[in-house]
Amino acid sequence: YTYEALRHCELTIQISTKLNRSHLVPGKTALILPCLGRTDKHIEAEGPQAVSVENSMGVVHTSQGILTPRAKTLKSEPAIIAGIAEATLPDSPLDWSYLVRDYSRIRDLIADTLPGFEDYNQRLEQENGFALPNGPREGKFTTPSQKAHFTINQLSEVHLGKGEFLMMTIRSHDQFNTTVYGLDDRYRGVFGGRRVIFMHPEDIKELGLNTEGLVDLQSHYNGQLREVKDFQAVPYALPRRCAATYFPETNPLVPLSLHARGSHTPASKSVVITISQSH
């Protein structure tokens, strides 16, 4: 669905630090604008610049690259966006090039706009940056009672037929969201590959699967067969009739019409599958 939607766009523009597979799914007209990476030196009109980043703990800190850019013509993301804005918004009240010459001016505007970013530049100078507002961490809640509210949510009933398993998708250690940095997962003892399915040892034995060989996975939701091939069954301490795989390798097994109540996100943690030895 995503591929089809992108290919129907009249124009797609991607600002990218390197070529990747998403560039193979362009619109009717497509531009790839190469930009500086975070590890590159950002040298603008008023000197070297630092960008700010937020880590997974909600802490904002500076990041300054040390690598010489591959080409003098490479622009930064702010410079590219500012250049587009200047060309398309000639009557804009903002001086876009002025903002790009010193990134701290961009951060000043962010400080004036977003709660939690007050005194942005000054707080960035602290040794470890600063933490964004987080009610639970600070013991403050924005509820009327100023206390945490808990909800009770009904569990879905899962009825597995003979030979069926409930599969969830997970991330590896060397992965951040959908970006895979390596083929090792030291958390689970998997090295050199990601096409694996974690299963209870007794389930592997019961199905007669050869752990040295490969297996194929199928989902049969709503009468439609979906399949991924050539996975290795790995014994793991999971409940019986449950299985786990990495995403995005098994995304094809997740039906778009099968989604969570309320959020409507794909039910990637609750996919009924069958498993067979590859031929």
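As shown above, the structure is provided for reference.
Residues numbered from 1 in each chain as written. Predicted model: local features only at pLDDT ≥ 70, side-chain atom pairs only at ≥ 80, totals over all residues. Heavy atoms only, no water.

### Points about the sheet that holds strand E14 (residues 242-246)
The strand order E8-E14-E11-E13-E12-E15 describes a closed barrel built from six strands, whose pairing is mixed. Neighbour-to-neighbour, the strand axes of this sheet turn through a mean angle of 45°, independent of strand direction. Pairing between strand E12 (residues 215-219) and strand E15 (residues 271-277): five bridges, direction antiparallel. In the sheet register, Ser 219 faces E15, and the bridge partner there is Ile 273. (Pairing = 2+ DSSP bridges. Helix = DSSP H or I, 4+ residues; strand = E, 2+ residues; numbered from the N terminus. Axes fitted to C-alpha atoms, helices over the stretch in contact; angles between N-to-C directions.)

### Some remarks on the nonpolar core
With 17 residues, the main nonpolar core has Ile 197, Met 199, Leu 209, Val 215, Leu 217, Ile 273 and Ile 275 as its most contacted residues. Those elements giving two or more residues to this core turn out to be strand E8 (164-170), strand E11 (196-199), E12, strand E13 (226-235) and E15. Of all hydrophobic cores here, the second largest spans nine residues; its members include Ala 82, Ala 85, Trp 96 and Leu 99. (Core = buried A, V, L, I, M, F, W, Y, C linked by side-chain atoms within 4.5 Å. Buried < 20%, exposed > 50% of the residue type's maximum accessible area, 1.4 Å probe, protein only.)

### Examining the side chain of Thr 169
Within the secondary structure layout, Thr 169 lies in strand E8. Beyond its immediate chain neighbours, meaning those up to four positions away, Thr 169 contacts Thr 245, Phe 247, Thr 250, Ser 268 and Lys 269. (Contact = heavy atoms within 4.5 Å.)

### Some details on the environment of Phe 117
Position of Phe 117 relative to the elements: it lies in the loop between helix H4 (103-113) and helix H5 (120-124). Note on Phe 117: relative accessible area 14%, which makes it buried. With near-sequence residues (within four places) excluded, Phe 117 lies in contact with Val 60, Ile 110, Ala 111, Arg 123, Phe 130 and Leu 132.

### A short note on the pairing of strand E5 (residues 51-54)
Side chains on a regular strand alternate between the two faces of the sheet. Only one face of E5 is buried: it carries Val 51 and Val 53, and the other face, with Ser 52 and Glu 54, is open. Two strands pair when backbone bridges link them, and E5 and strand E6 (residues 59-63) are joined in this way by four bridges, in the antiparallel orientation. Across the sheet, residue Glu 54 finds its bridge partner in E6, namely Val 60. Linking two consecutive strands that pair antiparallel, namely E5 and E6, is a turn of four residues; a positive phi of about 75° is found at Gly 58 within it.

### What to know about H4
Every buried residue of H4 is listed here: Tyr 103, Ser 104, Arg 105, Arg 107 and Ala 111. In this structure, the buried residues of H4 make contact with strand E3 (42-44), strand E4 (47-49), E5, helix H2 (77-88), helix H3 (96-101) and H5.

### Overview of the packing of aromatic side chains
All chains considered together, the criterion is met by five aromatic pairs. Ring centres 5.8 Å apart and planes at 85° place the aromatic pair Tyr 120 and Phe 130 in the edge-to-face group. With a gap of ten residues between them, Tyr 120 in helix H5 and Phe 130 in strand E7 (residues 130-131) connect regions that are remote in the sequence. Each of the two residues, Tyr 120 as well as Phe 130, counts as buried. (Phe/Tyr/Trp six-rings, centres within 6.5 Å; stacked < 30°, edge-to-face > 60°.)

### Some details on the pairing of E8
The element E8 is largely enclosed, with a buried count of five among its seven residues. Across four bridges, E8 lies against E15 in antiparallel orientation. The residue of E15 that forms the bridge with Met 167 is Val 271. Note that E8 and E14 share five bridges and pair parallel. Bridging from a neighbouring strand, Leu 166 pairs with Cys 242 of E14.

### Section: a nonpolar patch on the surface
A cluster of nonpolar residues, Leu 11, Ile 13, Ile 15, Leu 31, Ile 81 and Ile 84, forms a patch on the protein surface that exposes about 480 Å² of accessible area. Put simply, the parts of the chain that give the nonpolar patch at least two residues each are strand E1 (11-16) and H2. Here the element with the most residues in the nonpolar patch is E1; it accounts for three residues. Relative accessible area serves as the criterion here: at 39%, Leu 31 is assigned to the partly exposed category. (Patch = residues over 30% accessible without salt bridge, like charges linked within 9 Å, V, L, I, M, F, W, Y side chains within 5 Å. Areas by Shrake-Rupley, 256 points an atom, 1.4 Å probe, with all protein chains shown as cover. Salt bridge = Lys/Arg side-chain N within 4 Å of Asp/Glu carboxyl O.)

### With respect to unusual backbone geometry
Apart from glycine, the bulk of residues carry a negative phi angle, and the bulk of peptide bonds sit in the trans form. Omega for the bond connecting Phe 247 with Pro 248 falls within 30 degrees of zero, at 15°, which places this linkage in the cis form. Not every positive phi belongs to a glycine, and Gln 146 is a case in point at roughly 60°. Locating Gln 146 in the fold gives a position in the loop between helix H6 (135-138) and E8. Taking the relative accessible area as the measure of exposure, Gln 146 reaches 59% and is therefore exposed.

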